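Spelled out, the chains give:
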Amino acid sequence: MTAPTHDVVAIGNAIVDILAQAEDSFIEEIGVAKGSMQLMFSPEEADALYAKMGPGREVSGGSAANTVAGMAALGSRTAFIGQVADDQLGQVFGHDLRAAGVEFGTEVREGQPTTARCLIFVTPDGQRTMNTFLGASQFLPQAALDRDLIAGGAILYLEGYLWDPEEPRQAMRAAIEVARAAGRKVAFTLSDVFCISRHGDDFRKLIEGGLVDILFANEGELLALAQNDEFDTAVAQVAAQVPLLVVTRSEKGAIAVANGERVSVAAEPIEKVVDTTGAGDLFAAGFLHGQAQGWSVEKSLKLGAACAAEIISHYGARPEADLKAVAAKLG
C-alpha cells in the first residue's frame, strides 16, 4: 500500500450557511423542532423562509466540509468532494474552502438548482435550528469522484446528511469501494436523528457489513441507531460492530470505544455558548487530526472537545481561533 497523500478525504454536502439570531417564539412559529434540522424541498420554500430572517451572515458550511476545514487549520492534509452550482454561493463556498487550506476541485454543475444553503436560527441559549435546501449538492454523481484522490486518503470521511438523495448515495457507495480496494479506512458520521429515521437500515447494513472503521455519533443518534433508550447498552451494542466508536454527549463530554476499550473525557469548559452550529463537525476534526498524528484515543478526544469548545464560542462553523495553538496546549 502506497503512502497516503492526504490524511482525510471527505465527501459531503457543499452548503453555504446563513445564520441569524431568533427567539424561541420564532422557532415555534415556523413549526420546526428546536435544535433539529429540516429539509426544504424547493427554492421557493427556502426563499420564503429567508424573507422572514433577521439580519444574517453567510459562512461556508456543510458538515464534512467543516470537519476538513478544521483539520486543515490544525495542520492536516485534507481534500473535499462536493457539488456546487455555477452561481455566487458556489463561488463563495469554493473560495472559502480553498482559502482554509482544503483541496477542492469538484467541477461546478451548470443550471438549476442553485448551490445548497442552510438557514440557521440561533436562539439566545446558543442552540441552532437548521433549515436546509440541498440544491445542487444532492446531484453529486459518481462521475464527479476523483478516484485517485480517494485512494490516496488515509481516511475517507462520509456524512450521513448526504445519504438522503439517491445520486450522491450511490457516489458514496462507490467511494467506499475505492477506499477499501486501496486499503484505506472509512469514517462515517451519522449527522442527525433525522437521517437515521430515514436511512437507519442502510446505516446498520454498512456497519454490520464491516464497511465502517470509525463511527461518529452524538448521544441521540447513537440511541436511534441502536434502537435502544439505555446509553451504555447502546454503546456496547454498536461498539461491538465497529473498530472505533466516538460519541459526543454535549456538556457530559465524549466517549470512545476502541476495540473494546472505553475512554471518556469531560467537556471543555467555556464561558458562554454562543452558537452550537458545527460543534460535532469540529469535534470530529480534532479527533481525526489527533489520530492522523498517531495520538492516543484519549488525547484525540481531548483535542476534539477543545475544538468543539472553540466553535461554540462564536457564530458559524469555521474556526476563528488558532487551532494549532489549541492543540499545542495539550502537550
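These numbers come from a predicted model, not from an experiment.

1. Focus on helix α3 (residues 63–74)
1) Next: Taking 1.5 Å as the rise per residue, α3 with 12 residues should run 16 Å; its terminal C-alpha atoms sit 17 Å apart, in good agreement.
2) Next: Among the 12 residues in α3, 11 count as buried, and that is most of the element.
3) Next: Buried within α3 are the following residues: S63, A64, A65, N66, T67, V68, A69, G70, M71, A72 and L74.
4) Next: Two residues or fewer past α3, G75 is found with a positive phi of approximately 110 degrees.

2. Here's the deal with the pairing of strand β1 (residues 6–11)
1) Next: Within β1, 6 of the 6 residues are buried, which leaves the element mostly enclosed by the surrounding structure.
2) Next: Across 4 bridges, β1 lies against strand β5 (residues 78–81) in parallel orientation. In the strand pairing of β5, I11 is matched with I81.

3. A word on the sheet that holds strand β12 (residues 244–248)
1) Next: Sheet architecture is open: 9 strands sit in the order β6-β5-β1-β9-β10-β11-β12-β13-β14, paired in mixed fashion. A single partner strand is all that each edge strand has here, and the edge strands are β6 (103–104) and β14 (261–265).
2) Next: Sheet topology note: the strand β10 (residues 185–189)/strand β11 (residues 214–218) ladder contains 3 bridges and is parallel. The partner of F188 across the bridge, within β11, is L215.
3) Next: On the sheet, helix α8 (residues 219–226) packs against β11 and β12 and is oriented at approximately 110 degrees with respect to β11.
4) Next: Its contacts with the sheet put helix α10 (residues 279–292) on β1, β9 (153–159), β11, β12 and β13 (254–258), and the angle it makes with β12 is roughly 145 degrees.

4. Notes on the layout of surface pockets
1) Next: Of the pockets and cavities examined, the second largest pocket occupies roughly 230 Å³.
2) Next: Taken together, D7, A154, I155, K185, D213, I214, P243, L244, A258, N259, Q291 and A292 make up the lining of the second largest pocket.
3) Next: Of all the secondary-structure elements, those providing two or more residues to the lining of the second largest pocket are β9 and α10.

5. Points about the state of the cysteines
Among covalent bonds in proteins, the disulfide is the one between the sulfur atoms of two cysteines.
1) Next: By the definition in use, this model includes 0 disulfides.
2) Next: Free of any disulfide, C118 has its nearest neighbouring cysteine sulfur in C195, separated by 12 Å.

6. Some words on the UniProt feature "domain: Carbohydrate kinase PfkB" (unreviewed entry) in the protein
1) Next: Within this numbering scheme, the UniProt entry marks residues 57–319 as carrying the feature "domain: Carbohydrate kinase PfkB" (unreviewed entry).
2) Next: The span residues 57–319 carries 41% helix and 21% strand; its end-to-end C-alpha distance comes to 15 Å.

7. Concerning the sheet that holds strand β3 (residues 37–40)
1) Next: If you trace the 5 strands from one edge of the open sheet to the other, you get β3-β8-β7-β2-β4, paired in mixed fashion. Unpaired on one side and paired on the other, β3 and β4 (56–61) mark the two borders of the sheet. Between one strand and the next, the sheet's axes are offset by a mean angle of 25 degrees, whatever the strand orientation.
2) Next: Bridge count for strand β7 (residues 116–122) against strand β8 (residues 128–133) is 6 bridges, and the pairing is antiparallel. The residue of β8 that forms the bridge with C118 is T132.

8. Considerations on unusual backbone geometry
1) Next: The omega torsion of the bond from Q112 to P113 falls at 0 degrees, within 30 degrees of zero and hence cis.
2) Next: One can find P113 in the loop between β6 and β7.
3) Next: Phi at S191 is positive, roughly 75 degrees, even though this residue is not glycine.
4) Next: Following the sequence through the fold, S191 ends up in the loop between β10 and α7 (193–208).
5) Next: The phi angle at N259 is positive, at roughly 50 degrees, despite the residue not being glycine.

9. Some points on the side chain of N13
1) Next: Mapped onto the elements of the fold, N13 is located in the loop between β1 and β2 (15–21).
2) Next: Within the structure, N13 has its side chain in polar contact with the side chain of S137 (distance 3.1 Å).
3) Next: With sequence-adjacent residues up to four places away left out, N13 is seen in contact with G61, G62, F80, L134, S137, E159, Y161 and L162.

10. Things to note about the nonpolar core
1) Next: One finds I11, I150, F188, L215, L222 and L245 to be the most contacted residues of the largest nonpolar core, which totals 56 residues.
2) Next: Examining the composition of this core, we find that 7 residues originate from one element, helix α6 (residues 166–181), more than from any other.
3) Next: By size, the runner-up hydrophobic cluster in this structure holds 47 residues, among which are A72, F80, I214 and A327.

11. Focus: the pattern of salt bridges
1) Next: Summed over all chains, the structure comprises 14 salt bridges.
2) Next: In this structure, the salt-bridge partner of D125 is K34, at a minimum N-O distance of 2.7 Å. Here K34 lies in the loop between α1 (24–30) and β3 and D125 lies in the loop between β7 and β8, a separation of 91 residues in the sequence.
3) Next: Here D202 and R173 are joined by a salt bridge, their closest N and O atoms 3.6 Å apart. Highlighted residues: D202 in helix α7 and R173 in helix α6, separated in sequence by 29 residues.
4) Next: A network of salt bridges, in which partner residues are shared, links D24, K34 and D125.

What counts, and at which threshold
Residues numbered from 1 in each chain as written. Predicted model: local features only at pLDDT ≥ 70, side-chain atom pairs only at ≥ 80, totals over all residues. Heavy atoms only, no water. Helix = DSSP H or I, 4+ residues; strand = E, 2+ residues; numbered from the N terminus. Expected span 1.5 Å × (residues − 1). Buried < 20%, exposed > 50% of the residue type's maximum accessible area, 1.4 Å probe, protein only. Pairing = 2+ DSSP bridges. Contact = heavy atoms within 4.5 Å. Axes fitted to C-alpha atoms, helices over the stretch in contact; angles between N-to-C directions. 1 Å grid on protein atoms, 1.4 Å probe; cavity = no way out; pocket = protein on both sides within 12 Å on 5 of 7 lines; lining within 4 Å. Points joined across faces, edges and corners; volume = space filled by probe spheres on them. Disulfide = S-S within 2.5 Å. UniProt positions renumbered as here; feature names shortened; annotations may be inferred. Polar contact = N/O pair within 3.5 Å; in protein donor to acceptor, adjacent residues only side chain to side chain. Core = buried A, V, L, I, M, F, W, Y, C linked by side-chain atoms within 4.5 Å. Salt bridge = Lys/Arg side-chain N within 4 Å of Asp/Glu carboxyl O.

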